[in-house]
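Fold and contact review
Each chain, letter by letter, is given below.
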Amino acid sequence: NAGVTQTPKFRILKIGQSMTLQCTQDMNHNYMYWYRQDPGMGLKLIYYSVGAGITDKGEVPNGYNVSRSTTEDFPLRLELAAPSQTSVYFCASSSGTTLRGQYFGPGTRLTVT
Amino acid sequence: QKEVEQDPGPLSVPEGAIVSLNCTYSNSAFQYFMWYRQYSRKGPELLMYTYSSGNKEDGRFTAQVDKSSKYISLFIRDSQPSDSATYLCALDQGAQKLVFGQGTRLTINP
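Attention here is on the structure that accompanies the text. (Residues numbered from 1 in each chain as written. Chains lettered and ligands numbered in written order. Predicted model: local features only at pLDDT ≥ 70, side-chain atom pairs only at ≥ 80, totals over all residues. Heavy atoms only, no water.)

1. Points about the sheet that holds strand 7 (residues 64–66) of chain A
Residues and elements named next belong to chain A. Reading across the sheet, the 4 strands line up as 1-3-8-7 and stay open at both edges, with antiparallel pairing between neighbours. Unpaired on one side and paired on the other, strand 1 (4–7) and strand 7 mark the two borders of the sheet. This sheet shows a mean twist of 20° between the axes of neighbouring strands, independent of strand direction. In this sheet, strand 8 (residues 76–78) lies alongside strand 3 (residues 19–25) in antiparallel orientation, the contact comprising 3 bridges. Bridged to Thr20 within strand 8 is Arg77. (Pairing = 2+ DSSP bridges. Helix = DSSP H or I, 4+ residues; strand = E, 2+ residues; numbered from the N terminus. Axes fitted to C-alpha atoms, helices over the stretch in contact; angles between N-to-C directions.)

In structure tokens form, the structure reads like this:
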């Protein structure tokens, strides 16, 4: 049971490039989330999904897109990368039972220069 | 006004000290209160959760919620160097979406 896995661990992008951050969970969780964490700023919700085929915007969705074609996978797409998207990105999943919390992946460190 | 306020620290205490970490919030709709621990360069992990006002204890950790004051706390007794991490409070209205505090960076000095 690997939990939540994310690839890549690190990435440097040039301004204007695009990339997809991969996230996979093997816990059969319906809920999945993407967050970004800037230094000293806590976690901000980018997008979330309550099940395959259903996604919705979080607090900071601009510049990102998501899809959820399977229960296991929830990729995050960055189009036209900007320096403001330099951050650490975390994917998380949950069963939907609030008090069991969310399970987080190890994160992807992204730098846009 | 931010929905959740947390002092980012850093906080540095000697081993064995009692640590108090706090968050305040503004939205009375929050029903679920959690604390996450995040070690350096790792993802957050759920440490404790509470649903109502009052105390909940788990080993050396105690979570306290005061809904009337919109104030939540995490106490760590007999702190250990392995407790050095960033602690984030997280609140949920019941919609499966968490609102996080900024996180408090804690260092326990041997």
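Let's pick the thread back up.
2. So, the packing of aromatic side chains
Scanning the entire structure with this criterion turns up 12 aromatic pairs over all chains. Between Tyr35(A) and Phe100(B), the aromatic rings sit 5.5 Å apart at their centres with planes inclined by 90°, giving edge-to-face as the arrangement. Taken together, the positions of Tyr35(A) in strand 4 (residues 31–37) and Phe100(B) in strand 10 (residues 98–100) put the pair across two chains. Judged by its relative accessible area of 1%, Tyr35(A) is buried. Relative accessible area serves as the criterion here: at 8%, Phe100(B) is assigned to the buried category. Look at Phe90(A) and Phe104(A): their rings are 6.4 Å apart centre to centre, the planes differ by 80°, and that puts the pair in the edge-to-face class. Taken together, the positions of Phe90(A) in strand 9 (residues 87–94) and Phe104(A) in strand 10 (residues 103–104) put the pair 14 residues apart, joining distant regions of the chain. Note on accessibility: Phe90(A) and Phe104(A) belong to one class, buried. Three or more aromatic residues joined by ring pairs make a cluster, and in this case those are Tyr33(A), Tyr35(A), Tyr48(A), Phe90(A), Phe104(A), Tyr36(B) and Phe100(B). Positioned above the aromatic ring of Phe74(A) is the side chain of Arg68(A), whose terminal nitrogen or guanidinium carbon lies 6.0 Å from the ring centre. (Phe/Tyr/Trp six-rings, centres within 6.5 Å; stacked < 30°, edge-to-face > 60°. Buried < 20%, exposed > 50% of the residue type's maximum accessible area, 1.4 Å probe, protein only. Lys NZ or Arg CZ within 6 Å of the ring centre and 35° of its normal.)

3. Brief notes about the environment of Gly105(A)
Tracing the backbone through its elements, the reader meets Gly105(A) in the loop between strand 10 and strand 11 (108–112). With sequence-adjacent residues up to four places away left out, Gly105(A) is seen in contact with Val4(A), Gln6(A), Phe90(A), Cys91(A) and Gly43(B). (Contact = heavy atoms within 4.5 Å.)

4. Points about the sheet that holds strand 3 (residues 19–25) of chain B
Either a parallel or an antiparallel arrangement is found when strands of a sheet pair, and the pairing is made through backbone hydrogen bonds. All names here are of chain B. The strand order across the open sheet formed by 5 strands is 1-3-8-7-6, and the pairing between neighbours is antiparallel. Of all the strands in the sheet, just strand 1 (4–6) and strand 6 (54–58) have a single pairing partner and so form its edges. Each strand of the sheet is rotated relative to its neighbour by a mean of 15°, with strand direction disregarded. In this sheet, strand 7 (residues 61–66) lies alongside strand 6 in antiparallel orientation, the contact comprising 5 bridges. Paired with Asp58 across the two strands is Phe61, which belongs to strand 7.

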